[in-house]
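Listed below are the residues making up each chain.
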Amino acid sequence: MRRAVVERTEQEHIGFGKVILFGEHFVVYGAEALVAGIQEYTSCRLELTRGRPGVSVVDERPAVPGYIVEKAEEQRLAHSLVFRHLNIDTTVDGVCIHLGGSLVPSSGIGASASDVVSLSRALSEMYGLGLSEQEVNHSAFVGEGGYHGTPSGVDNTAATFGGLISYRRDDGKAVFSRVSFLRPLFLVVCSTGITASTTKVVGEVRKLKEEKPAWFTALLEHYSACVGEAKAAIENGNMVRLGELMNRNHTLCQELTVSCAELDTIVNFCRENGALGAKMSGTGRGGLVVALAADAAQSDRIADAVRQRCPAAKFVWKYSVFPKESAV
Ligand code: MEV
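Residues numbered from 1 in each chain as written. Predicted model: local features only at pLDDT ≥ 70, side-chain atom pairs only at ≥ 80, totals over all residues. Heavy atoms only, no water.

In the nomenclature of an unreviewed UniProt entry, the protein is known as Mevalonate kinase of Trypanosoma rangeli SC58. Listed under Sequence similarities (unreviewed entry) in UniProt, the entry text for the protein is "Belongs to the GHMP kinase family. Mevalonate kinase subfamily." What UniProt records for the protein under Subcellular location (unreviewed entry) is the sentence "Cytoplasm". (UniProt positions renumbered as here; feature names shortened; annotations may be inferred.)

Engineer: With reference to specific residues and values, describe the site of the ligand.
Structural biologist: Around the ligand, 13 residues are found, and the nearest of them are K18, H25, H148, S152 and D155. H148 is positioned with one of its side-chain polar atoms (N or O) 2.9 Å from an oxygen atom of the ligand. One of the side-chain nitrogen or oxygen atoms of S152 is found 2.6 Å away from an oxygen atom of the ligand. Out of a free accessible area of 300 Å², the ligand has 98% covered by protein chains. Comparing atom positions with the cavity grids shows the ligand to sit within the largest cavity. When contributions to the shell around the ligand are tallied by element, the ones reaching two or more residues are β1 (13–22) and α4 (154–161). Split by residue class, the shell around the ligand holds five nonpolar, five polar and three charged. (Near = heavy atom within 4 Å. Polar contact = N/O pair within 3.5 Å; in protein donor to acceptor, adjacent residues only side chain to side chain. Areas by Shrake-Rupley, 256 points an atom, 1.4 Å probe, with all protein chains shown as cover. 1 Å grid on protein atoms, 1.4 Å probe; cavity = no way out; pocket = protein on both sides within 12 Å on 5 of 7 lines; lining within 4 Å. Sits in = over half its atoms within 2 Å of the grid points. Helix = DSSP H or I, 4+ residues; strand = E, 2+ residues; numbered from the N terminus. Nonpolar A, V, L, I, M, F, W, Y, C, P; charged D, E, K, R; others polar.)

Engineer: For the pairing of strand β5 (residues 164–170), give the residues involved together with the corresponding values.
Structural biologist: The buried fraction of β5 amounts to five of the seven residues, a majority that puts the element mostly inside the structure. Summarising the sheet, strand β2 (residues 33–49) and β5 pair through four bridges and their orientation is antiparallel. By the bridge assignment for β5, L34 is matched with S166. Remark: two residues form the turn of the hairpin made by β5 and strand β6 (residues 173–178), two consecutive strands paired antiparallel; D171 in that turn has positive phi of roughly 55°. (Buried < 20%, exposed > 50% of the residue type's maximum accessible area, 1.4 Å probe, protein only. Pairing = 2+ DSSP bridges.)

Here it is as C-alpha cells:
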C-alpha cells in the first residue's frame, strides 16, 4: 500500500471538459468517435486527514442544479475505484478531496471524466506515484466505471489530453490520435438541464442491441460511414459538410432512442437559427446539444437566440476549438 509523501497537494491538477462531436453510444461498440476537449476544466486538490480514515469530498464545482446530488453515489463509487486501482489505503489516514474549476458540471460535458482525471493527477502528487499521462488516462478510465458502468474511454481520453481527438476501442484497447484540422470549430453547447444516468442509458442501448442485432449492425454501419466523412470534412475545413454530417449523426441517435423531445427541440431551433448543423452530444435522454457555427459572430447570434427564444435550453455556452500541433 502507498504512503502519502505530502500532507496536501501544492500543484494544480486538472481534467478538461469535453464535447462529443460524433459517435456517442456507437463508440461503446468499437466505432470511431470524434471528441473535442474544451478549455473549461475541473480542478482537484487533496488534504490528508491524519487519523481520520475514509474519503470525503468538498465539491465546489459550479454545477447545474441537481447535478451534484444526483451523481453523488456514482461519484463515491468512481473515487473508490481510483483509490483501489492506485493501491491507496485510506483506512488509517483519510483523504479530503476538494473539487473546483471553471467547468460547469452538467450531463454530457464530461464532468465525471474530468473529476477522475484531476483526482488521479492529484493522487499522483500526494502519494509520489509519478503517473505518466497514459497512466492518468487509464486510472480515470477505471474510475469512469463508477459513473458509466462500461465506459468506452472516450471521455477520460478527452479529459486527459484536451484538443480534438479521434478515439475508438479495439479489442479492449484504447486507440486514439489527435485530429489535425485547419479551421477552428465554433460550437454552441446547450444544456437541457436534465441529468441522465450514463450507466442506465448505455445499459438500455445494450439491451436493444441484443434484442435486434441486425437493426443495430445496420445503424452502426451507417454511423461508421458518417464519421469517416466527418473526419475528412474536419481535416479539409469543410464546415458546411461537417454540419450536415452532425445532422445525420443526430438522426442516428434518434433511431437509437437516445434523443428526447427537449434535445430535438433545441437541435431544430439551432438549425433554424443559422447553425450549420446540430446534434445531441453525450449520453442523451437529457444532457446536451452541440451546434456548429461558421464563425464566432454566428455562434454569438445562435447563442443569443437560444437564450432568448428556446426555453428547452436551460444553459448555453460557447466554445471554440483551435488546431493544436502536438500529437497525443
Ligand atoms: C458518454 O459521454 C458517451 C457514451 O458513449 C458512453 C461512453 O462512451 O462511455 C454514451
